[in-house]
Amino acid sequence: MSKAAELAKAGETLTNQPSGRKNLVTNGAMQVAQRSVSETGLGAASGYFTLDRWRLASSNTAGRLTMTQTADGPSGFANCLKLDCTTADTSIAAAELLILNQRFEGQDLQQIKKGTSDAELITVSFYVKASAAFTFGVELYDADNARQITKLYTTTTGWVRHELTFPADTTGAFTDDNLESLQLGFWLHAGSTFASGTLNTAAWASNTNANRAAGIDSFYSSTDNNFFITGVQMEIGSQATNFEHRSFGEELALCQRYYQKWLSNTAADSVHSGGCISDTAFIGDYFLRTTMRTEPTLVSSGTFKVRLGGNDRALTSGPSINRATKDNVQIVSEIADNNEDGKPGFLKTDDNDGYLEFIAEL
């Protein structure tokens, strides 16, 4: 007898059982770190620094930290994200904040039915530990309609799985596009601008900054502090189900919608072939590994040269994007005038650690 038949015979039903993809979070098991596995001195600015899709939002604080992908996960998880306080900030100014967050496209959230009478509950689960007992907050922030809700949790020195269910919100639909509609944020430090009110825990409400992080402790209270997190899952419904493990290849492809990195293995690695369209402009197409969220921007690091007719030509500017789509970019590299018009060649690195970053982050 099938499982469905057994349940039916017992008078049970299969309604509300998870099916298909359930975890809306990308890289929740902290597997992918294309940019770097560790960065020090963070806290002066917001941005993406190590693990893909995990953004550090930081403002107005003297606190500093190291952010690392660490092989110290709970059972079933090889990796976690670690934050280590390296400079304390115990004199907290009003506008200070530190949030670890992930941003979501509106078109990926339509099944939540937010802003309708059929709006769904959302459950967030995660594994966390810290150097001591802290109270921190998890916030859902609706960027389309400036609405939010926050729930608190406490840490211990051992791994604990927390399961937090957020009520449905019948006000304010998520826009069906590729722009940011929702933030899942882990509040770790807040000044009075964000913590002097009454925590909004029972229902979604129009944003009042003072209510967003009321009652949380400060990660920056001591250089002894550290914070570890993994197994982050956000799903529809009132129950936290087992974490949805995806293969590394699947997770990497999901991350590459927002960020891709070409990294040289040795000096002289070829980036792309092409040709000179004038005496000084070398152009070629670079095909992206997966379709990106939007046309990417390009950041380069290292020394690059154009190889033409058996000779390396130093760049006077670039490489930079000449034209871009979500699937490929046309890269232009400028060289000194030496009557090179029409010559074929390729763009190459001249060192062992050159890289190109293609960025389409929210």
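The shown structure was predicted, so the numbers you read here are calculated from the model rather than taken from an experiment.

**Concerning the packing of aromatic side chains**
So, step 1. In this structure the tally under the stated criterion is twelve aromatic pairs.
So, step 2. Ring centres of Trp187 and Phe194 lie 5.5 Å apart, and the angle between their planes is 45°; this geometry places the pair in the tilted category. Just as Trp187 is buried, Phe194 falls in that class too.
So, step 3. Between Phe219 and Tyr220, the aromatic rings sit 5.6 Å apart at their centres with planes inclined by 55°, giving tilted as the arrangement.
So, step 4. Given the relative accessible area of 1%, Phe219 is considered buried.
So, step 5. Classification of Tyr220 by relative accessible area gives buried; the value is 0%.
So, step 6. In this structure an aromatic cluster arises from ring pairing among Trp54, Phe126, Phe134, Phe136, Tyr153, Phe186 and Phe227.
So, step 7. In this structure, Arg35 packs its charged tip against the face of Tyr259, placed 3.7 Å from the ring centre.
So, step 8. The residue whose ring lies beneath Lys114 is Phe174, and the NZ or CZ to ring-centre distance is 5.3 Å.

**A short note on the sheet that holds strand E17 (residues 297-301)**
So, step 1. If you trace the three strands from one edge of the open sheet to the other, you get E14-E22-E17, paired in antiparallel fashion. Two strands lie at the open edges of the sheet, namely strand E14 (259-263) and E17, each paired on one side alone. The mean angle between the axes of side-by-side strands here comes to 15°, regardless of whether they run parallel or antiparallel.
So, step 2. Pairing of E14 with strand E22 (residues 355-359) involves five bridges; the strand directions are antiparallel. Of the residues in E22, the one forming a bridge with Gln260 is Phe358.

**Here we look at the nonpolar core**
So, step 1. Within the largest apolar cluster, 43 residues are counted, with the highest numbers of intra-cluster contacts made by Phe126, Leu140, Phe186 and Phe219.
So, step 2. By residue number, the principal contributor to this core is strand E7 (residues 122-130), which donates five residues.
So, step 3. Each residue touching Phe186, except ones within four places of it in the same chain, is listed here: Trp54, Leu98, Ile99, Leu100, Phe126, Gly137, Val138, Tyr153, Ile229 and Val232.

**Brief notes about the layout of surface pockets**
So, step 1. Taken as a whole, the second largest pocket holds about 330 Å³ of empty space.
So, step 2. Lining the second largest pocket are 17 residues, with Asn23, Leu24, Thr26, Asp108 and Leu254 positioned closest to its centre.
So, step 3. With four residues, the single largest contributor to the lining of the second largest pocket is strand E6 (residues 97-105).
So, step 4. Considering only residue class, the lining of the second largest pocket consists of five nonpolar, four polar and eight charged.

Cut-offs applied
Residues numbered from 1 in each chain as written. Predicted model: local features only at pLDDT ≥ 70, side-chain atom pairs only at ≥ 80, totals over all residues. Heavy atoms only, no water. Phe/Tyr/Trp six-rings, centres within 6.5 Å; stacked < 30°, edge-to-face > 60°. Buried < 20%, exposed > 50% of the residue type's maximum accessible area, 1.4 Å probe, protein only. Lys NZ or Arg CZ within 6 Å of the ring centre and 35° of its normal. Pairing = 2+ DSSP bridges. Helix = DSSP H or I, 4+ residues; strand = E, 2+ residues; numbered from the N terminus. Axes fitted to C-alpha atoms, helices over the stretch in contact; angles between N-to-C directions. Core = buried A, V, L, I, M, F, W, Y, C linked by side-chain atoms within 4.5 Å. Contact = heavy atoms within 4.5 Å. 1 Å grid on protein atoms, 1.4 Å probe; cavity = no way out; pocket = protein on both sides within 12 Å on 5 of 7 lines; lining within 4 Å. Points joined across faces, edges and corners; volume = space filled by probe spheres on them. Nonpolar A, V, L, I, M, F, W, Y, C, P; charged D, E, K, R; others polar.

As far as function goes, none of this settles anything; it's purely spatial.
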